[in-house]
Amino acid sequence: MERIERLEEEKKTVSDDIKEVKQEAKGAGFDLKAINTILKKRKQDAAERQEEEAIVDLYMAALGMV
């Protein structure tokens, strides 16, 4: 139990650190929505990213957005 509690506290600390870095980026003029999108895409492998982009492009075309 103590180990889990310690890890939960570490997780909260890391989460707070990430929020702080993102706020610094925002303060420097960066767009947080773009940063979050890029972070999400960097977590995906290339094939997964291409598949998602193809589906989004297909849906946008079907909706007349491109």
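Keep in mind that what you see is a predicted model, and the values were worked out from it rather than measured.

A. Broad picture of the packing of helix α1 (residues 2-27) against helix α2 (residues 32-43). Relative orientation of the contacting elements α1 and α2 amounts to 130°, with a least axis distance of 10 Å. Considered as vectors, α1 and α2 are oriented oblique to each other. The segment α1 lies against α2, with K22, Q23, A25 and K26 engaging L32, I35, N36 and L39. Partitioning the contact of α1 with α2 into residue classes produces four nonpolar, two polar and two charged.

B. Layout of a nonpolar patch on the surface. A cluster of nonpolar side chains, I55, L58 and Y59, forms an exposed patch at the surface whose accessible area comes to about 330 Å². One can find L58 in helix α3 (residues 46-62). For L58, a relative accessible area of 56% puts it in the exposed group.

C. Structural view of the environment of G64. Summarising the element assignment, G64 is placed in the segment after α3. In this structure the C-alpha to C-alpha distance between G64 and S15, which are 49 residues apart in sequence, comes to 39 Å.

Calculation criteria
- Residues numbered from 1 in each chain as written.
- Predicted model: local features only at pLDDT ≥ 70, side-chain atom pairs only at ≥ 80, totals over all residues.
- Heavy atoms only, no water.
- Axes fitted to C-alpha atoms, helices over the stretch in contact; angles between N-to-C directions.
- Helix = DSSP H or I, 4+ residues; strand = E, 2+ residues; numbered from the N terminus.
- Parallel < 35°, antiparallel > 145°, perpendicular 65-115°, else oblique.
- Contact = heavy atoms within 4.5 Å.
- Nonpolar A, V, L, I, M, F, W, Y, C, P; charged D, E, K, R; others polar.
- Patch = residues over 30% accessible without salt bridge, like charges linked within 9 Å, V, L, I, M, F, W, Y side chains within 5 Å.
- Areas by Shrake-Rupley, 256 points an atom, 1.4 Å probe, with all protein chains shown as cover.
- Salt bridge = Lys/Arg side-chain N within 4 Å of Asp/Glu carboxyl O.
- Buried < 20%, exposed > 50% of the residue type's maximum accessible area, 1.4 Å probe, protein only.

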